[in-house]
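# Results of the structural survey
So the chains spell out like this:
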Amino acid sequence: MRGLLVFAALFVAVLSKETFEGHQVLRITAKDEAQLALIKDLEDMIHFELDFWRGVTDVASPVDVRVPFHSLQSVKVYLETKAIQYATMIEDLQTLLDMEQEDMEAAARAAGPRSTDSFDYSNYHTINEIYNFQDMLVRENPNLVSKIVIGQSYEGRPLSVLKFSTGGTNRPGLWIDTGIHSREWVTQASGTWFAKKIVTAYGSDPALTAILNKMDIFLLIMTNPDGFAYTQTSNRMWRKTRKPNPGSSCVGVDPNRNWDAGFGEPGASSNPCSETYRGPSANSESEVRAIVDFVRSHGNLKSFVSIHSYSQMLLYPYGYTSTPAKDQAELHSLAKKAITDLASLYGTRYRYGSIINTIYPASGGTIDWTYNQGIKYSYTFELRDTGRYGFLLPANQIIPTAQETWLALMAIMDHAYKNTY
């Protein structure tokens, strides 16, 4: 019965979803700064309704952009008349979305998991399935895992943090969050895998056991639950929060531009219709404010890792200024260690460095704020891949992605454990 109910819910969701038939994802490559500026100009051509999956950075980095069917010919003509090279990464976005939906529906027809042991970590899940997973994990591991609701989303969904602790008070903490950009589904899926990994590795993995005997781990899997729910019911490509913007028909704020770190400076938009809209003021989004309040009230977090996709990068502050972080040398060497450990499993190659030097200027970002709060080991991951599937990473890559990322997370957490400050 449960499988039928979930399948019915998915079926109803499909009927009301925005479709992307004929939409293509183009990879655009500039040969010089002049062409890069021409590509940048596309961002301001609102009538094309472009969705930049990988933004304009430098000549060495390609730009990935989703182009609606009605704009395809015009965009291609623009690029060709400027002699700008492009290739088609995804021929028809809806074809990939249909495949993803079919996989979820097939999984939903199966009997629901009776425990976290039988939870299907190799598939994408609905928001309610992830909430249920979290509750099961807490019930199964009452001496190690508890759930803390640190706030609510705009639409009233709980911001549920899993706390992994072996006891004690005022202990130093390690933070991990996933899904702040809702369409980056491999991050929430990896988050569920991380949660199970922590409970199974405690007591058997000496490094993790040593960490948890002295420190607590906090894991927020659904950092933007309203956006995540919306990706499943209405628009798979939704990135932002879901709070209406007064005076605009466009909804939502980019929650990774809403923090009080260079807020409103270059690297975020003041346009409510932009995917990088910063919001009316720093911490205006309840999802961001809840984490801010938690960080301040805890007062003893030693690392803070916010996980995104895609591009295969490990980044540290800053994004809003080119002034190096005072701990840049240590952050850089630790990032190198982390991506080396990550690559040891499947050979996945990551770039690493400060946000502004590795990707682009980004103001109001999570880890710039946490670093400025004194959390030295503040990092952002961009998980698989490098653009073949982009935000639509096939489900068969979830577990390999989570497994390799865990090795990098362990490098960061182990370093924080061994280098107290």
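Residues numbered from 1 in each chain as written. Predicted model: local features only at pLDDT ≥ 70, side-chain atom pairs only at ≥ 80, totals over all residues. Heavy atoms only, no water.

### Here's the deal with the overall build of the protein
Along the protein, the regular secondary structure elements total 13 helices and 12 strands. On C-alpha atoms alone, the protein measures out to a radius of gyration of 21 Å, which is about the 22 Å that the 2.2 N^0.38 rule sets for 421 residues. By its C-alpha atoms, the protein is 65 × 55 × 45 Å across when sized along the principal axes. When each of the 421 residues of the protein is scored for burial, the buried share is 57%. A separation threshold of at least 6 residues defines the contact pool for the protein, and within that pool the share at least 24 residues apart is 75%. (Helix = DSSP H or I, 4+ residues; strand = E, 2+ residues; numbered from the N terminus. Rg over C-alpha atoms; globule rule 2.2 N^0.38 Å. Buried < 20%, exposed > 50% of the residue type's maximum accessible area, 1.4 Å probe, protein only. Contact = heavy atoms within 4.5 Å.)

### A look at the state of the cysteines
Counted under the stated rule, the structure contains one disulfide. Across the disulfide from Cys250 sits Cys273; the S-S distance is 2.0 Å. Here the S-S torsion is close to 85 degrees, and the disulfide linking Cys250 with Cys273 is therefore right-handed. Here the residue Cys250 occupies a position in the loop between α8 (225-233) and α9 (286-298), and Cys273 occupies one in the loop between α8 and α9, the gap between them amounting to 23 residues. Note on Cys273: relative accessible area 43%, which makes it partly exposed. (Disulfide = S-S within 2.5 Å.)

### Structural notes on the packing of helix α6 (residues 185-201) against helix α13 (residues 398-418)
Look at α6 against α13: their axes get within 9 Å of each other, and the N-to-C directions meet at 60 degrees. Crossing of α6 over α13 shows right-handed handedness. Contacts between α6 and α13 involve Val186, Ala189, Ser190, Trp193, Phe194, Lys197 and Ile198 from the former and Ile398, Ile399, Thr401, Ala402, Gln403, Thr405, Trp406 and Leu409 from the latter. Of the residues in the contact of α6 with α13, the class split is 10 nonpolar, four polar and one charged. (Axes fitted to C-alpha atoms, helices over the stretch in contact; angles between N-to-C directions. Left-handed = near helix turned anticlockwise from the far one by under 90°. Nonpolar A, V, L, I, M, F, W, Y, C, P; charged D, E, K, R; others polar.)

### With respect to the pairing of strand β6 (residues 158-164)
Successive side chains on a regular strand alternate, one facing one side of the sheet and the next facing the other. Across the seven residues of β6, five count as buried, placing the element largely inside the fold. Where strand β5 (residues 145-152) lies against β6, six bridges are found, and the strand directions are antiparallel. In the strand pairing of β6, Val145 is matched with Phe164. In sequence, β5 turns back onto β6 through a hairpin of five residues, with Gly156 there showing a positive phi of about 90 degrees. One ladder, built from four bridges, connects β6 with strand β8 (residues 216-220); its direction is antiparallel. Pairing of Leu162 across the sheet is with Leu219, part of β8. (Pairing = 2+ DSSP bridges.)

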